[in-house]
Amino acid sequence: MRIVAKGLTYTYSAKSPFASRALNGVDLTVEEGEFFGIIGHTGSGKSTFVQHLNALIRLTDGSLKVGEYDLADKKCNFVELRSKVGMVFQYPEYQLFAETVEKDVAFGLKNFRKEMKQEERDAAVKEAIETVGLDYARVKDKSPFELSGGQKRRAAIAGVIVTKPEILILDEPAAGLDPLGKKELMELLHSIHGGWCKTIVIVSHDMDEIAENCTRAAVFSEGKVVMEGPPAQLFRHTEELLSLGLDVPVTAKCALLLKERGIELETDFTCDDFAHKVLALWKAEGGIQNDQ
Amino acid sequence: MINDVTFGQYYPAKSFVHNMDPRAKIVFVIAYIVAVFLAKNFFGLAAVTLFLIFIVFLARVPFGSVLRSVKMILFLIIFSAILNLFFYSSNDELHMLWQWKFIRISWEAIINMIFISLRLFLLVMGTSVLMLTTMPVALTDGIESLLTPLKWIRFPVHELALIMSIALRFIPTLTDETNRIIAAQKARGADFETGGLIKRAKAMIPVLVPLLVSAFRRAQDLGDAMEARCYSGAKGRTKYKKLVFTWRDLLGLLVLGGLITGVVFLNIYFGGKFDIINYFL
Amino acid sequence: MEAVKFENVNFSYREDGRDLALRGVNLSIEEGQFVAVLGRNGSGKSTLAKLVNVLLTPLSGKVTVFGMDTSDEKMTFEIRKNAGMVFQNPDNQTVASIVEDDVAFGPENIGVPREEIGKRIEFALDAVGMQEFRQSTPTRLSGGQKQRVAIAGVLAIMPKIMILDESTAMLDPKGRREVMDVIKKLNKERGMTVILITHFMDEALQADRAVVMHRGEIVMDGAPEEIFARSDELEMYNLTLPRAAYICKVLQEAGMPVGNAFTAEELAEGICGSLRKD
């Protein structure tokens, strides 16, 4: 399913003294199969945008199509859309509610696939719990509130992917996790990407995360998309990003400093590629002999 | 997202009324309510209405927002009007207008209905002017200050004020949180809009449980944060905010005293509300 | 003088004293030091912080703050006046709906006279650069601004130690920068002792000293540069290197003669140096 937004505009508390415009004509296309990143600081409209994608916020102005679903159409089947566009909110562990992890994960299935048989449902729940890397036998009958912080987050994600959505949207999925937790979470996302989950969209503040994981990314600022492209291109505009008050990956910052000293580096801004390219330069200058 | 209860119905503007001491305004509204109840005839209510219009004008709030507050209790007013219309009874003889089996409508009932409805309108609109011109925070301060004498009978005034203040502070946070949880569960296919009462109540469980868990977590955090900032009850505590009673407040209260006197005077001069029947019949 | 001292401290959240959250912790922090505490979730970092502020007291061993024993109940108030604490969730630490009222809360609690509270609010909001938001509502502020208000609320009590328990964890990069700038300023200009608990390795780099915790024990302790040079050890405790340090390590392992680097600037410097371009 392809996401096509044109002229998307949205105002909170419209017609009140506290009206605030969150989106101001967003044009954006996300192709099927992408691992798409959305960048922008708080209040840039990125959360409002992603909540439009599964009609949690109803379209009021502009057009938005997700696959064959036209969200401007009043007759659009929003429930069916939501089963195909999964949404993991920021700190998803705060939405856990059921007595057991198994019941919590099954919640989405019970809502979306009412016709499903008990055995099928159990199998799907088991698969989801195992996909997120939890031990099914050990956690299924536990209260979700007994799990550790990282496990809770996994359980919450299992509750979203249990319906195998074709598009999975995650708002700051790694927020608050420690470095290892972050790394494991990204590995989890890559493991499901490309299978039943065709497209992943992550909203993130962490530019290194975007550089290392995304095929393409868009930068939101003041309710608009101001830049978009693959990280390798996007982060070449380091100065522009910094002027928007955003961070850039460490590699981009370093590349900029090197450029100022006359050293050009063609890199995709992942740490490994960066190191690789630096080493290539060094070897080209006869570095190895130098070292002996 | 922005559903802010911190401001309540507060309508930001610079006006004589906005600048009054919240304590004066609370006393003012109480006195206003007394005036509304004291009025025994339509002339008294008319005087109060004129006064209210003057205040709204002075407060520079749009008349529409004052009327909007009535909308919320319109049902209540209509309900009481209907009851009054059909079931008015009195020891005095009534001037009958229409009668069918046990349903009787008298001129007195109609007048009484109009009178009571007007009274309710005036009450709601008057208090809404208070809400429109005073921030909830200032109201809390005002209530705390007015209740201070109760400390003598060991009434926990400080604790009550702190509870009100914290509640005010957390309402917007919890409202946001509720909206976020509702959105998250909707994304998992939860349906809050269809079905009967029981089904809808059941549908709220996935919202209420996380909300409750979160409220407890927040309470725990806040408790730690307060303790870390040396909170240990009212003892030995000072207070930074001090309310100042100014000439405005005195003037306001004097004017209101005038209104009450006027209403009493009109009562004596024009008599009760049913006297107008004699003019027409 | 020693601002904080842990002597052989054990702590357990369980009544029966099992499952120790801290085991045999010895730590001494000098006044004016800026110490970062690193470690995975559940490694005991927050427990350590709460023991300083007397939100917790040790199961055994002794914690002293400027020589005052935290187990002595009579000293609790005095210790809290000296050791302020800022927490993780910016939404859960303000009590009032107006910024200045919230900053006033601490001084009110310790019985500061009214006129003096006004001055302290002025000073505290100035120190965190939030003067213009004095009459604002905290719920309307950004995460970084909320945390700065929380810091001001602590500053108004005039503590000598500031403990930040993952106070940057829920902020966006801009908010984190704002908070870090304020903390560094307090440390440099006012000689405030800072204990910063964090997941972010780049924040630890800005401290004078880094302490790594693992399963309730202090396993590494030293200058941040020294800690990050021991990358194999860090990996054992499930911590990752700052990205610049990681790249530097890859380069060094391939034989490129770059000096240790921890930031983009240092890395660029090192690469330039060994490429001999200038």
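Residues numbered from 1 in each chain as written. Chains lettered and ligands numbered in written order. Predicted model: local features only at pLDDT ≥ 70, side-chain atom pairs only at ≥ 80, totals over all residues. Heavy atoms only, no water.

1. Concerning the packing of aromatic side chains
Residues and elements named next belong to chain A. Counted by the stated rule, this structure contains 15 aromatic pairs over all chains. Ring plane angle 80 degrees and centroid distance 4.9 Å describe the contact between F97 and F107, whose orientation is recorded as edge-to-face. Placement of the pair is F97 in the loop between β6 (85-88) and α3 (101-112) and F107 in helix α3, with a sequence separation of 10 residues. Note on accessibility: F97 and F107 belong to one class, buried. (Phe/Tyr/Trp six-rings, centres within 6.5 Å; stacked < 30°, edge-to-face > 60°. Helix = DSSP H or I, 4+ residues; strand = E, 2+ residues; numbered from the N terminus. Buried < 20%, exposed > 50% of the residue type's maximum accessible area, 1.4 Å probe, protein only.)

2. As for the domain arrangement of chain A
All names here are of chain A. If you check the domain split of chain A, you get domain 1 (3-230) and domain 2 (249-292). Between the C-alpha centres of domain 1 and domain 2 the distance comes to 36 Å. Taken residue by residue, the interface counts 4 residues in domain 1 and 6 residues in domain 2. Between domain 1 and domain 2, the buried area comes to about 370 Å², and carbon and sulfur atoms account for 60% of it. Looking only at domain 1, the three residues that lose the most surface to domain 2 are D208, A211 and E212, adding up to 84% of its buried area. Counting the contacts that link domain 1 with domain 2 gives 0 salt bridges. At the boundary of domain 1 with domain 2, the tally comes to 1 residue pair in polar contact (both at pLDDT 80 or more). Split into classes, the residues belonging to the side of domain 1 that touches domain 2 amount to 2 nonpolar, no polar and 2 charged. (Domains from an automatic or database assignment. Contact = heavy atoms within 4.5 Å. Buried area = accessible area lost by both parts, 1.4 Å probe. Salt bridge = Lys/Arg side-chain N within 4 Å of Asp/Glu carboxyl O. Polar contact = N/O pair within 3.5 Å; in protein donor to acceptor, adjacent residues only side chain to side chain. Nonpolar A, V, L, I, M, F, W, Y, C, P; charged D, E, K, R; others polar.)

3. Thoughts on the environment of L123 of chain B
Residues and elements named next belong to chain B. Among the secondary structure elements, L123 is positioned in helix α5 (residues 107-133). The buried category is assigned to L123, whose relative accessible area is 15%. With 27 residues separating them along the chain, L123 and L150 place their C-alpha atoms 27 Å apart. Ignoring sequence-local partners within four residues, the contact set of L123 consists of Y32, I33, V36 and F37.

4. Some thoughts on a nonpolar patch on the surface
On the surface, L74, F75, I78, F79, I82, L83, F86 and F87 of chain B cluster together to form a nonpolar patch covering roughly 800 Å² of accessible area. On the basis of relative accessible area, F86 of chain B is assigned to the partly exposed category, the value being 30%. (Patch = residues over 30% accessible without salt bridge, like charges linked within 9 Å, V, L, I, M, F, W, Y side chains within 5 Å. Areas by Shrake-Rupley, 256 points an atom, 1.4 Å probe, with all protein chains shown as cover.)

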